[in-house]
Amino acid sequence: MKVQGKVCVVTGAAGGIGEAIARRYAREGAKGVVVADRDAGRLETVAKDIKGIAVACDVGREADVKTLVAEAERHYGPVDVFFSNAGIGRGGHEDASDQDWADSWAIHVMAHVYAARALLPGMLARKSGYLLNTASAAGLLASMGSAPYGVTKHAAVALAEHLSIQYGDKGICISVLCPQAVDTNMLRMAGATAASVDGVLHTDAVAQTVIEVMEAETFLILPHPEVKQYMVRKVGDYDRWLRGMRRLRDKSGEGQARRA
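The text that follows walks through the structure, step by step, so that each part is easy to find. (Residues numbered from 1 in each chain as written. Predicted model: local features only at pLDDT ≥ 70, side-chain atom pairs only at ≥ 80, totals over all residues. Heavy atoms only, no water.)

**A short note on the environment of Val 69**
By secondary structure assignment, the location of Val 69 is in helix α3 (residues 62–76). Once the C-alpha coordinates of Val 69 and Val 79 are considered, the two residues, ten residues apart in sequence, prove to be 7.5 Å apart. For Val 69, the contacting residues outside a window of four places in its chain are Phe 82, Ala 118 and Leu 119. (Helix = DSSP H or I, 4+ residues; strand = E, 2+ residues; numbered from the N terminus. Contact = heavy atoms within 4.5 Å.)

Structure below.
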């Protein structure tokens, strides 16, 4: 799919990957770009810059997602591309609070479900549409520092797989974005910087990969191509991979669970 002439919606677009993708869609000649986020102030700036519209939205609430889709359709017509990108970072293991687990589930999984519910009937009737969901390399591999994050990102990948199996031969494209470290506020909130982590990508590089994958209409979006090799190693010998991850945990000092 080419973005030119398409109606595009991007959530989590007040900064980071979402902002970079929204700006790139505008440069590619989208008919209209609708940006959504809970940070309404910053969102308005992005919308003004790209001559799009901003919709303040909590994607963890289905009513908000329905309103977002309705506003996009009211301004530009049927939505062609919906990039469900919003994400949060909550730490902890099994002992993370119920609220952190619930928030992670709502933003990383149910937000994608709500978007699919709102958009698929129209897309199926038109036999055309593109749903893109942001997960993470953690959704394919592991997250040592956060069980809520890693578990819900795995669920996001599984949901995208399900949607592709159900609708991939009915004119609907499904892709899932699974980057490793990207230079965003989420990375900095975790106490890291672009200089302190190997392989950190600029958000513009991620947006470029998204455009390339959309044109190829392939499922996985891997801005860090080495992730595919890591996946091969994981499924090739699961126990060996788990042992290696424990060694990495100890070496890095990340993800130390509670000690008995």
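**Section: helix α4 (residues 98–126)**
Helix length check: α4 (29 residues) gives 40 Å between terminal C-alpha atoms against 42 Å at 1.5 Å per residue, within 8%. The sharpest bend along α4 comes to roughly 45 degrees, located at Leu 119, with the proline Pro 121 sitting one to four residues further on. (Expected span 1.5 Å × (residues − 1). Bend = angle between axes of the 7 residues up to and from the residue.)

**Thoughts on the pairing of strand β1 (residues 7–11)**
Judged by how many residues are buried, β1 sits mostly within the fold: five of five residues are covered. Covered by surrounding structure in β1 are Val 7, Val 9 and Thr 11 together with Cys 8 and Val 10, the residues of both alternating faces. Relative to strand β2 (residues 32–37), β1 runs parallel, the two sharing five bridges. Looking across to β2, one finds that Cys 8 is bridged to Val 33. Crossover connection from β1 via helix α1 (residues 16–27) to parallel β2: handedness right-handed. (Buried < 20%, exposed > 50% of the residue type's maximum accessible area, 1.4 Å probe, protein only. Pairing = 2+ DSSP bridges. Right-handed = clockwise from strand over helix to strand, strands pointing away.)

**Observations regarding the side chain of His 112**
By the element assignment, His 112 lies in helix α4. Assessed through its relative accessible area of 2%, His 112 is described here as buried. A polar contact of 2.6 Å, which involves the side chain of His 112, links it to the side chain of Ser 84. There is a polar contact of 3.1 Å between the side chain of His 112 and the backbone oxygen of His 108. Non-local contacts of His 112, meaning those with residues more than four positions away in its chain, are made with Ser 84, Asn 133, Thr 134, Ala 156 and Leu 159. (Polar contact = N/O pair within 3.5 Å; in protein donor to acceptor, adjacent residues only side chain to side chain.)

**Quick word on the pattern of salt bridges**
Scanning the entire structure with this criterion turns up eleven salt bridges. Arg 61 is the salt-bridge partner of Asp 64, the closest N and O atoms lying 3.4 Å from each other. Salt bridges here are not isolated pairs; linked through shared partners, they connect Glu 19, Arg 23, Arg 42 and Asp 49. (Salt bridge = Lys/Arg side-chain N within 4 Å of Asp/Glu carboxyl O.)

**Quick word on unusual backbone geometry**
One non-glycine residue, Lys 127, adopts positive backbone phi at about 60 degrees. Locating Lys 127 in the fold gives a position in the loop between α4 and β5 (129–134). Even without being glycine, Glu 217 reaches a positive phi, approximately 55 degrees.

**Overview of the environment of Thr 209**
Residue Thr 209 is classed as buried on the basis of its relative accessible area of 15%. Counting along the chain gives 14 residues from Thr 209 to Pro 223, while the straight-line C-alpha distance between them is 5.9 Å. Sequence-distant contacts of Thr 209, that is, excluding residues within four places in its chain, are made with Ile 221, Leu 222 and Pro 223.

**Description of the packing of α1 against helix α7 (residues 203–216)**
Interaxial distance between α1 and α7 falls to 8 Å at its minimum, and their mutual angle equals 55 degrees. For the element pair α1 / α7, the angle class is oblique. In terms of crossing hand, the pair formed by α1 and α7 is right-handed. Taken together, the residues of α7 that come into contact with α1 (itself represented by Gly 16, Ile 17, Ala 20, Ile 21, Arg 24 and Tyr 25) are Thr 203, Asp 204, Val 206, Ala 207, Gln 208, Val 210, Ile 211 and Met 214. Split into classes, the residues belonging to the contact of α1 with α7 amount to nine nonpolar, three polar and two charged. (Axes fitted to C-alpha atoms, helices over the stretch in contact; angles between N-to-C directions. Parallel < 35°, antiparallel > 145°, perpendicular 65-115°, else oblique. Left-handed = near helix turned anticlockwise from the far one by under 90°. Nonpolar A, V, L, I, M, F, W, Y, C, P; charged D, E, K, R; others polar.)

Note that all results are geometric; they support no functional claim without further evidence.
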